[in-house]
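Residues per chain are reported as follows:
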Amino acid sequence: MLASVRNLRVYIFNRLSERMNSPYFSESVAVLGTCATETIGESAVNKGGIRRLRSRMAQGIKSEDDSPNVKAEDLEQSISDAPLRTHAETSAETVSSCNNSTTKVKGEAVDEQAVLTSPRKPRRGRVKVKYEEEEGAELKRERWEPRDWRTQLSFIREMRSKRDAPVDQMGAEKCYDTEAPPEVRRYQVLISLMLSSQTKDHVTAGAMQRLREHGLSVDAVLTLDDETLGKLIYPVGFWRTKVKYIKQATALIQQEFGGDIPDTVEGLMRLPGVGPKMAHLAMDIAWNQVSGIGVDTHVHRISNRLGWTKKETKTPEETRRALEEWLPRDLWSEINWLLVGFGQQVCLPVAPLCSVCLNQHTCPSAHRSSPNKKLKSSPAKPAINGPDDKLASPTAQVKEEPADASLSQSRKNTAKQEVPGNQLTSEEEKTPSVLKKRSRRKGRAGAQQN
């Protein structure tokens, strides 16, 4: 096999030598040489390049007897160290590289083996790149929500299904004249909201009825004096201050808004006596636009009791911002009248009816302020200064049930009947007040005898 390969190489070398000695090859080499002289500036390089090409081909034939484990790096180094060559020299080397394909294949095999045996470099860890969209999605997934708020809301809807709370019958949605022009209806909604602050619904409804009978419009209110307006809205809370606010707001509506209430929250809050709660409710009821949650004292109290705020809030405005952060916008209009009626009937400010509330098992503050819970918590402590003195425990001020009261009264009566005159029982003798009285009597009796 090696002999046949050697014969083939010798045959190829002889053929190439014949072609190089032919006149056609010499002419082409001469042309290439002229091109090289123009670029480099040396005409004698052409002949030297042919000689070096022939010597390299001869060395390639002799290299068959050498070991095949020739590194490809040596060949690359020799090529890089060689001086600048002409175009003809480069083309001749290309021809020789094609003829020496077997040697090239061997070199490639050796190169692959060297790559496999070389030490492997440690791979760098992959760095995860976060984009703005991914960060926004993570923030959206981490948005805070109360734990059982959907279940609690469904129970509140069930308890409010009858719609028989005072807000359902006498709220701001029921106090305006449905047959009046649209701008008059919107003005009446605003006045009812201003009167409802710190006032019960039935008192607000009565004041609105008297104002409507007298003529409740922008022009009619501007013609009223403060004394007459005060008599019409009395006894709403802070009625003197509200008379001043109503007159100033009505004058501003007439001058700057053309006799109609503003249609933005910012414009409504410019009116004297109108806060964020009234502005959002007026936008919802008068303009049928949901701009925010109207938070009054009921919504503020119930939201903190149910744990619908991430942390306890101190003012209704803080509660509004906390609710709007997580509550879906399609529930903003419904949540006000739901919680207001729920606070008027079940979740009362004092002594809430936790025993009849459907959320008593999920509400964090259930039974905390219930009177029954306080009555069962700690038993009454015995008297310190006598049977008629007050107990030291705070639960002593809670009234006992009628059965227990009658039983204790009967025991006292029987004890009085059994004790004749000024004789004292063994329990009364133990008290310090009775001992003091007894010592005083003895002292007085001794002084009289003396």
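All values reported here derive from a predicted model rather than from experimental measurement. Along each chain, residue indices are assigned from 1 in the same order as the chain's sequence is written. The predicted origin of the model limits local features to residues at a pLDDT of at least 70 and limits the giving and counting of side-chain atom pairs to 80 or more, whereas totals for whole chains, interfaces and linings rest on all residues. Side-chain measures were taken over the full set of non-hydrogen atoms in the model, leaving aside hydrogen atoms and water.

1. Observations concerning the overall build of the chain
1) Next: In terms of regular secondary structure, the chain is built from 23 helices and zero strands.
2) Next: Residues count as neighbours in contact if any of their non-hydrogen atoms are within 4.5 Å of one another. Looking at the chain alone, contacts between residues at least 24 apart form 62% of all its contacts between residues at least 6 apart. A run of H or I in DSSP becomes a helix once it reaches four residues, and a run of E becomes a strand once it reaches two; helices and strands are each numbered from the N terminus.

2. Focus on the confidence of the model for the chain
Residues shown with low pLDDT carry predicted positions that ought not to be read at fine detail.
1) Next: Overall, the prediction assigns the chain a mean pLDDT of 73, with 55% of residues at 70 or greater.
2) Next: Looking at any residue, its pLDDT shows the predictor's confidence there, from 0 to 100. The low-confidence segment residues 82-88 (pLDDT under 50) makes nine contacts with residues lying over four places distant or belonging to another chain.
3) Next: When the criterion is pLDDT under 50, residues 101-112 qualifies, and its contacts beyond four places in sequence or with other chains add up to nine contacts.

3. Focus: the packing of helix α10 (residues 182-196) against helix α16 (residues 276-285)
1) Next: For the pair α10 and α16, interaxial distance at closest approach is 10 Å and the crossing angle is 150 degrees. One way to sum up the angle between α10 and α16 is to call them roughly antiparallel. Two packed elements cross with a definite hand, and for α10 against α16 that hand is right-handed. Residue-level inspection shows V189, L193 and M194 of α10 in contact with α16, the latter providing M278, L281, A282 and I285. Helix axes use the C-alpha atoms of the stretch in contact, all axes being lines fitted to C-alpha atoms, and the angles between their N-to-C directions lie in the range 0 to 180 degrees. Oblique is the label for any angle not under 35 degrees, not over 145, and not in the 65 to 115 range, which are roughly parallel, roughly antiparallel and roughly perpendicular in turn. Left-handed describes a crossing in which the near helix is turned anticlockwise from the far one by less than a right angle; the clockwise case is right-handed.

4. What to know about the side chain of H300
1) Next: By secondary structure assignment, the location of H300 is in helix α17 (residues 297-306).
2) Next: Note on classification: 1.4 Å probe, protein chains only; a residue is buried when its accessible area is under 20% of the maximum for its type, exposed when over 50%, partly exposed between these limits. Residue H300 is classed as buried on the basis of its relative accessible area, which comes to 15%.
3) Next: Residue contacts for H300: discarding those within four places in its chain leaves V295, T313, K314, T315, P316 and T319.

5. Some thoughts on the packing of aromatic side chains
1) Next: Any two of the Phe, Tyr and Trp rings considered here, Trp counted by its six-membered ring, make a pair once their centres fall within 6.5 Å; the pair's planes then place it as stacked at under 30 degrees, edge-to-face at over 60, or tilted in between. The full count for this structure, using the stated rule, is four aromatic pairs.
2) Next: An angle of 85 degrees between the planes, with centres 5.6 Å apart, marks the rings of Y234 and W239 as edge-to-face.
3) Next: Here the aromatic rings of W308 and W326 are separated by 6.0 Å at their centres, their planes lie at 85 degrees, and the arrangement is edge-to-face. Linking W308 in the loop between α17 and α18 (316-326) with W326 in helix α18, this pair joins segments that are 18 residues apart in sequence.

6. With respect to helix α8 (residues 149-159)
1) Next: For α8, the set of buried residues is W149, Q152, L153, I156 and M159. One side of α8 holds all its buried residues, which, seen down the axis, span an arc of 120 degrees.
2) Next: Buried residues belonging to α8 abut α17, α18 and α19 (332-345). What the arc covers is the set of directions going from the helix axis to the C-beta atoms.

7. Things to note about unusual backbone geometry
What is expected of a backbone is that most residues other than glycine have negative phi and most peptide bonds are trans.
1) Next: Across the junction of Y234 and P235, the peptide omega takes the value 15 degrees, indicating a cis bond.
2) Next: Tracing the chain through its elements places P235 in the loop between α13 (226-233) and α14 (239-256).
3) Next: Its identity is not glycine, yet N288 carries a phi of approximately 60 degrees, on the positive side.
4) Next: Tracing the backbone shows N288 in the loop between α16 and α17.
5) Next: Assessed through its relative accessible area of 66%, N288 is described here as exposed.

8. As for the packing of α17 against α18
1) Next: α18 packs onto α17 with a crossing angle of 60 degrees between their chain directions and a minimal axis gap of 9 Å. Comparing their axes, α18 and α17 come out oblique. Every pair of crossing elements has a handedness; the one defined by α17 and α18 is left-handed. Note on element contacts: α18 touches α17 through P316, T319 and L323, opposite V299, H300, S303 and N304.
2) Next: Of the residues in the contact of α17 with α18, the class split is three nonpolar, four polar and no charged. Classification used: nonpolar for Ala, Val, Leu, Ile, Met, Phe, Trp, Tyr, Cys and Pro, charged for Asp, Glu, Lys and Arg, polar for all others including Gly.

9. Section: the nonpolar core
1) Next: Note on terminology: a nonpolar core comprises buried Ala, Val, Leu, Ile, Met, Phe, Trp, Tyr and Cys residues joined through side-chain atoms within 4.5 Å. Counting 37 residues, the largest nonpolar core has Y187, I191 and L195 as the members making the most contacts within it.
2) Next: For this core, the secondary-structure elements that each account for two or more residues are α10, α11 (201-214), α12 (218-223), α13, α14, α15 (265-269) and α16.
3) Next: When residues in this core are grouped by element, the largest group, seven residues, is from α10.
4) Next: Excluding its chain neighbours within four sequence positions, the residues that come into contact with Y187 are L216, S217, V218, V221, I246, T250, I253 and I261.
5) Next: In terms of nonpolar packing, the next biggest core, distinct from the first, is built from 27 residues, L153, A165, I335 and V346 among them.

10. Thoughts on the pattern of salt bridges
1) Next: Put simply, a salt bridge is a Lys or Arg side-chain nitrogen that is within 4 Å of an Asp or Glu carboxyl oxygen. Counted according to the given criterion, the structure contains 10 salt bridges.
2) Next: A salt bridge links D226 to K247, with the shortest nitrogen-to-oxygen separation between them at 3.4 Å. Within this pair, whereas D226 is found in helix α13, its partner K247 is found in helix α14, the two being separated by 21 residues in sequence.
3) Next: Classification of K247 by relative accessible area gives buried; the value is 17%.
4) Next: E317 is paired through a salt bridge with R320; the nearest N and O atoms lie 2.4 Å apart. A residue pair is termed a helical-turn pair when its members lie 3 or 4 positions apart in one helix, as E317 and R320 do in helix α18 at three residues.

11. Notes on the state of the cysteines
1) Next: Pairs of cysteine sulfur atoms within 2.5 Å are what we label disulfides. Throughout the structure, instances matching the rule amount to zero disulfides.
2) Next: Unpaired in this structure, C354 has its nearest cysteine sulfur neighbour in C363, at a distance of 6.5 Å.
3) Next: Among the residues examined, C354 registers a relative accessible area of 11% and is labelled buried.

12. Some words on the environment of D225
1) Next: On the secondary structure map, D225 appears in the loop between α12 and α13.
2) Next: For D225, a relative accessible area of 40% translates into the label partly exposed.
3) Next: Between the alpha carbons of D225 and V243 there is a distance of 9.5 Å; along the sequence they are 18 residues apart.

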